[in-house]
Amino acid sequence: MDPGRFFASSRVLIVAGKGGVGKTVSAATIASAASRSGRSVLLVEVAGRSASAPIFGVEPQGYEQVTAVDETEQDDPPRGRIVLQSITPDQALMEWLTTHGFKGIVTRMASSGILEVVATATPGIKDLLVLGRIKAFESEGSFDLIVVDAPAAGHALGFLRSPAGVRDAARTGTIHRQAVEVLDLISDPTRCQVVLVTIPEETPVNELIETSFAIEDEMGVRLGPVVVNSVLPTLAGLDADLVSLDVSDAERNALQTAVTFRAGRAALQDEQLTRLGAELPLDQFRLPQLFSTTIGPDELAVLTEALLAEIEALPEVES
Amino acid sequence: MSTATFAELLAQRQVVIVCGTGGVGKTTTSAATALAAAEAGRRAVVVTIDPAKRLADALGISELGNTPTVINGPWPGLLAALMLDTKSTFDEVVRRNASDDDQAERILSSRFYRNVSGTLSGTQDYMAIEKLAELYDSGDWDLVVVDTPPTRDALAFLEAPQMLSRLLDNPIYKLVTAGNRGVFGIANKAAQTVVRQLARVVGAHVVDEAVAFFQSFNGMEKGFKDRAEATLALMGDERTAFVLVASPRSDTLDEARYFLDRIRQANLDAAAVIVNRMLPSTGLSLTQAQLLHVSLAATDGAGVSRALLDLATASAADDDRVADLAEAAPHAVLATVPMLADDVHDVDGLRVIADLLTR
C-alpha cells in the first residue's frame with residue numbers, strides 16, 4: 001500500500017501497548033514515517049513526560065508544542081513535519097474547566113480540593129478530557145495526522161473506556177456532551193484507529209491478544225495493524241562450521257555462545273510471531289531490533305525505513 | 001553496592017515490596033522471592049496483582065481470592081500466594097471500619113462507592129497495602145511479599161494508604177457533611193455555590209451521590225487515618241524492604257533511576273535492585289568482538305561473527321547501564337538474573353529464579 005494512502009485512512013492513531021515494548025519509539029516511528037510521506041503530524045504524549053523529544057534529538061519543552069521535524073520546504077517528493085505536544089490529565093481537566101465557563105473559579109476549585117471530588121465523582125474524567133483535547137486538535141484540522149502515545153499497560157484500556165464510563169456516570173451536564181463527542185471520534189474508524197504494540201515474546205503477545213479483543217468487541221474501536229518491535233533480523237550463515245574457522249579457542253567459544261543464543265531467540269520469536277498471526281487476524285508491521293544503546297535520530301531513521309517498507313508491502317485495499 | 005546478599009535480606013525483613021515498571025518480570029520475581037524465603041525455612045506469602053495466567057494456574061491462584069492458597073513443595077518453610085481482589089478487599093475495609101451493618105450497607109450499595117472502589121486510580125495500590133497490613137497483623141507469616149501494580153510513580157504507592165483519609169479530609173467533605181439534606185440543603189452559602197457549579201459540570205445526580213457518599217462515611221475517618229498511619233510506619237522502618245526490579249533496557253533503567261529518586265524523596269531507600277533478563281556474556285570484550293568480525297567478514301564466519309558482534313554490543317551496553325544503576329543505589333543489594341529461554345510457568349521455573357536470586 002502507498003504509505004501516503006495508509007496514513008490518510010484515519011486522522012487519529014492511538015498507539016497503545018504494555019510497558020517495555022517500545023510504545024514511545026513506535027509512536028515516534030509512525031509519526032516519522034507519516035512525515036516522510038508528506039503529512040503534517042502532531043505527536044501527542046499523555047504520560048506527562050516528554051520521552052519522545054530525545055528520539056528526535058530535540059529538547060523537551062514542557063507543555064508547549066515543539067517542532068521536532070520540519071521538511072515541508074521539500075516537495076519532490078513532498079515531506080511533512082512533526083510537532084510534539086505533551087498533555088497531562090490534570091492540565092486537561094483545568095483547561096477544560098477554564099474553557100467551559102468555570103474560568104473564574106478554577107483556581108478556587110483546585111485549592112479547595114473540589115477538583116479531586118470532581119475526578120472521584122466521575123471516574124475516567126481526566127482520561128476523557130485528554131481524549132477531548134485530542135478531539136479538539138482533530139477538529140481544528142491543523143494537522144493531517146495525530147499520533148497519540150497512549151498510557152502504558154492496563155491503563156490503555158482504562159483510557160479508551162473512559163468516554164463510555166463518563167457518559168454513563170454523568171447522564172447530564174457539559175461533561176456528558178464531551179463524552180458523547182469523544183465516543184463519536186473513537187468509534188469511527190475513518191477518524192480514529194488504535195495501533196497496538198508488542199514484542200515477539202510470550203507474555204507481551206498474550207496481553208496484546210487479550211487487549212485487542214477487549215478494544216474491538218467491548219469498545220467497538222477499530223484496530224489498525226499491530227506493530228511488533230525488536231524483531232531479530234534474520235542472519236545468514238549461522239550454520240557455519242566453527243571448527244573450520246581460523247580463530248582462537250576463546251573466540252570459538254564466544255562465537256558458539258552467540259550462535260546458540262541467537263538461534264534460540266530466533267526460534268522463540270518465530271513461534272510467537274506465528275501464534276500472534278494465527279490468533280489475531282491483523283496486519284503486522286515488524287520493526288527490527290537495534291543493538292544500539294539509545295534511540296536517537298539515526299536509529300529512528302532506520303526504524304522509519306523499516307516501517308515504510310512494511311506499509312508498502314501491504315496489499316492495496318479498495319475503499 | 002551493599003555487601004549484604006539477597007538471602008540475608010530475606011532472612012531479616014518481614015515485608016518485601018516489589019516495585020518496578022511493567023514488563024520487567026515483577027510478578028515472577030515477587031513469587032520467586034517468596035519461594036526463596038520458604039526454601040530458607042520461613043513462612044512466606046506473596047500478594048500478586050495481575051499474574052500471567054499460566055503462572056497463576058501453576059500456583060493455584062487463577063481465581064481472585066482474598067485468602068492465601070498454600071503451595072505445597074519440597075521446602076522446609078511455608079509458601080502461599082493470593083491474587084488481590086481489589087473490590088472485595090475494599091468492601092472488607094468498609095465493613096471493618098463501619099460503626100454498624102447499616103452504615104456499611106449504605107456505603108457498599110452507593111454507586112459512587114462502586115466508582116471509587118472499582119476505578120479510582122490508586123485504589124489497587126491502596127488495597128494491596130491493606131492486604132499487606134492484614135497479612136502482617138495476622139502473625140501467620142514471617143515474610144509478606146507484595147507485588148505492586150505497574151506504576152511510574154513509586155510515591156503513588158506510598159501515598160496510597162492515605163487515599164481515603166485524604167479524601168475525607170477534603171474541605172468539600174467537611175462542607176457537605178456539615179448539613180445533612182443533600183446538595184441543595186447545604187447550609188453554607190459559599191459551599192452551595194461551589195457545589196451548584198459542580199453540578200453544572202457533572203450533572204446534579206452525580207453530586208447528590210457524592211454528597212450522600214461522603215455523608216455515609218460520618219464517624220469512620222479516624223479508623224482510616226489510624227490504619228494509614230500504622231501502615232506508613234510499617235513501610236517506613238527496617239521491617240520493610242523495597243525491592244526494585246528492572247530489565248537492562250535503557251527505558252526501564254531510566255524508570256528505575258526515576259523510582260530511586262522518588263522513593264528517596266519519601267526518605268526511604270531501595271534495599272535491593274534486581275535486574276532481570278541479562279544477556280549472556282560472550283567472554284570477549286566488545287573490541288575483541290569487533291576485531292573478530294572484521295577479520296571474519298569475508299569468510300564463512302561472517303554470519304556467526306555478526307551474531308557475536310550483535311550480542312557483545314548489546315551485552316556491553318547492558319553491563320554499562322547496570323553499573324550506572326548500581327552506582328545510583330550504593331546501599332542496595334544488586335542481584336542479576338540472566339535472560340531465560342522461556343517465560344516462567346511453574347513452580348520449578350520459580351525455583352530456578354529463587355536460586356539465582358540467592359546464589
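A quick note: this is a predicted structure, and the numbers were derived from the prediction, not measured.

(A) Spatial organisation of the overall build of chain A. Check the secondary structure of chain A and you find 12 helices and 8 strands. Dimensions of chain A, computed from the C-alpha atoms along their principal axes, are close to 80 × 45 × 45 Å. Here chain A holds 319 residues, and the buried ones make up 48% of them. When contacts within chain A are restricted to residue pairs at least 6 apart in sequence, long-range pairs at least 24 apart make up 74% of them.

(B) How the structure looks around the overall build of chain B. Looking only at helices and strands, one finds 17 helices and 8 strands in chain B. Long-range contacts, defined as pairs at least 24 residues apart, comprise 73% of the intrachain contacts of chain B with a sequence gap of at least 6.

(C) Representation of the pairing of strand β8 (residues 284-288) of chain A in the model. Residues and elements named next belong to chain A. Burial of the side chains of β8 is restricted to one face: Phe285 and Leu287 are buried, whereas none of Gln284, Arg286 and Pro288 on the reverse face is. Note that strand β7 (residues 226-231) and β8 share 4 bridges and pair parallel. Paired with Val231 across the strands is Pro288, a residue of β8. Handedness of the β7-helix α11 (residues 249-279)-β8 crossover: right-handed.

(D) Here's a closer look at the interface of chain A and chain B. Contact residues are listed per partner, giving 54 residues for chain A and 53 residues for chain B. Counting residues per element, the ones that place at least two in the side of chain A that touches chain B are α6 (114-121), α9 (174-186), α10 (202-219) and α11 of chain A. The greatest single-element share of the side of chain A that touches chain B, amounting to 12 residues, is contributed by α11 of chain A. The residue makeup of the side of chain A that touches chain B, split by class, is 29 nonpolar, 19 polar and 6 charged.

(E) View of the nonpolar core. Membership of the largest hydrophobic core comes to 184 residues, with the highest contact counts inside it found for Val15, Val147 and Val148 of chain A together with Ala34, Ala44, Val243 and Ala272 of chain B. Val148 of chain A has contacts with Val12, Leu13, Ile14, Val15, Val44, Val46 and Ile134 of chain A, leaving out every residue within four places of it along the chain. In terms of nonpolar packing, the next biggest core, distinct from the first, is built from 17 residues, Ala240, Val259 and Phe261 of chain A together with Ala312 of chain B among them.

(F) Here's a closer look at the sheet that holds strand β5 (residues 143-147) of chain B. Residues and elements named next belong to chain B. Taken in spatial order, the 8 strands line up as β3-β4-β2-β5-β1-β6-β7-β8 in an open sheet, and their pairing is mixed. Each end of this open sheet is capped by a strand with a single partner; those strands are β3 (69-70) and β8 (333-338). Two elements, strand β6 (residues 240-246) and strand β7 (residues 270-278), share 5 bridges in a ladder whose sense is parallel. What sits directly across from Leu244, in β7, is Val273. Each of β1 (15-19), β6 and β7 touches helix α14 (residues 250-265); the most contacted strand, β6, lies at about 155° to it.

(G) A look at α9 of chain A. Its 13 residues give α9 of chain A an end-to-end C-alpha distance of 19 Å, which sits within 8% of 18 Å, the value for a rise of 1.5 Å per residue. Taken residue by residue, α9 of chain A has Ile175, His176, Gln178, Ala179, Val182, Leu183, Leu185 and Ile186 of chain A as its buried positions.

(H) View of the sheet that holds strand β4 (residues 81-86) of chain A. All names here are of chain A. Reading across the sheet, the 8 strands line up as β3-β4-β2-β5-β1-β6-β7-β8 and stay open at both edges, with mixed pairing between neighbours. The open sheet is flanked by β3 (66-70) and β8, the only strands paired with a single partner. On average, adjacent strands in this sheet sit at an angle of 20° to one another, irrespective of strand direction.

(I) Representation of the packing of helix α7 (residues 123-138) of chain B against helix α13 (residues 221-236) of chain B in the model. Residues and elements named next belong to chain B. Close contact between α7 and α13 brings their axes to 11 Å; oriented N to C, the two are set at 80°. Judged on the interaxial angle alone, α13 and α7 are roughly perpendicular. Here Ile129, Ala133 and Tyr136 of α7 come into contact with α13, specifically with Arg227, Thr231 and Leu234. Split by residue class, the contact of α7 with α13 holds 4 nonpolar, 1 polar and 1 charged.

(J) Representation of the environment of Leu9 of chain B within the structure. Residue and element names in this part refer to chain B. The residue Leu9 is located in helix α1 (residues 6-12) in this model. For the pair Leu9 and Ala31, spaced 22 residues apart in sequence, the C-alpha separation works out to 16 Å. Apart from residues no more than four positions distant in its own chain, Leu9 is found in contact with Ala4, Ala241, Ala271, Ala272 and Val333.

(K) Quick look at unusual backbone geometry. The phi dihedral of Ser230 of chain A falls on the positive side, at around 55°, and the residue is not glycine. Examined against the element boundaries, Ser230 of chain A turns out to sit in strand β7. Despite not being glycine, Asn267 of chain B shows a phi value in the positive range, around 55°. Note that Asn267 of chain B resides in the loop between α14 and β7.

(L) Structural context of helix α12 (residues 297-312) of chain A. Residues and elements named next belong to chain A. Taking 1.5 Å of rise per residue, the 16 residues of α12 would be expected to cover 22 Å, and the 22 Å separating its terminal C-alpha atoms lies within 8% of that figure. Among the residues of α12, those classed as buried are Leu300, Leu303, Thr304, Leu307, Glu310 and Ile311. The arc that holds every buried residue of α12, seen down its axis, measures 125°, which confines them to one face. Opposite the buried face of α12, at more than 90 degrees from it, the exposed residues are Asp298 and Glu312.

(M) Spotlight on the pairing of strand β5 (residues 145-149) of chain A. Residue and element names in this part refer to chain A. Summarising burial for β5: 5 of the 5 residues are buried, a large majority. A two-sided burial pattern is seen for β5, the buried positions comprising Leu145, Val147 and Asp149 on one face and Ile146 and Val148 on the other. When strand β1 (residues 12-16) meets β5, the two strands line up parallel, connected through 4 bridges. Residue pairing in the sheet places Leu13 in a bridge with Val147 of β5. Pairing between strand β2 (residues 40-45) and β5: 5 bridges, direction parallel.

(N) Spatial organisation of the packing of helix α4 (residues 89-102) of chain A against helix α7 (residues 125-140) of chain A. Residue and element names in this part refer to chain A. α7 packs onto α4 with a crossing angle of 75° between their chain directions and a minimal axis gap of 8 Å. Considering the angle they form, α4 stands roughly perpendicular to α7. Here Pro89, Asp90, Ala92, Leu93 and Trp96 of α4 come into contact with α7, specifically with Ile125, Lys126, Asp127, Leu129, Val130, Gly132 and Arg133. Within the contact of α4 with α7, the residues separate by chemical class into 7 nonpolar, 1 polar and 4 charged.

The rules we used
- Residues numbered from 1 in each chain as written.
- Chains lettered and ligands numbered in written order.
- Predicted model: local features only at pLDDT ≥ 70, side-chain atom pairs only at ≥ 80, totals over all residues.
- Helix = DSSP H or I, 4+ residues; strand = E, 2+ residues; numbered from the N terminus.
- Buried ≥ 20, exposed ≤ 12 C-beta atoms within 10 Å, placed from the backbone.
- Contact = placed C-beta atoms within 7 Å.
- Pairing = 2+ DSSP bridges.
- Right-handed = clockwise from strand over helix to strand, strands pointing away.
- Nonpolar A, V, L, I, M, F, W, Y, C, P; charged D, E, K, R; others polar.
- Core = buried A, V, L, I, M, F, W, Y, C linked by C-beta atoms within 7 Å.
- Axes fitted to C-alpha atoms, helices over the stretch in contact; angles between N-to-C directions.
- Expected span 1.5 Å × (residues − 1).
- Parallel < 35°, antiparallel > 145°, perpendicular 65-115°, else oblique.
- Arc of directions from axis to C-beta.

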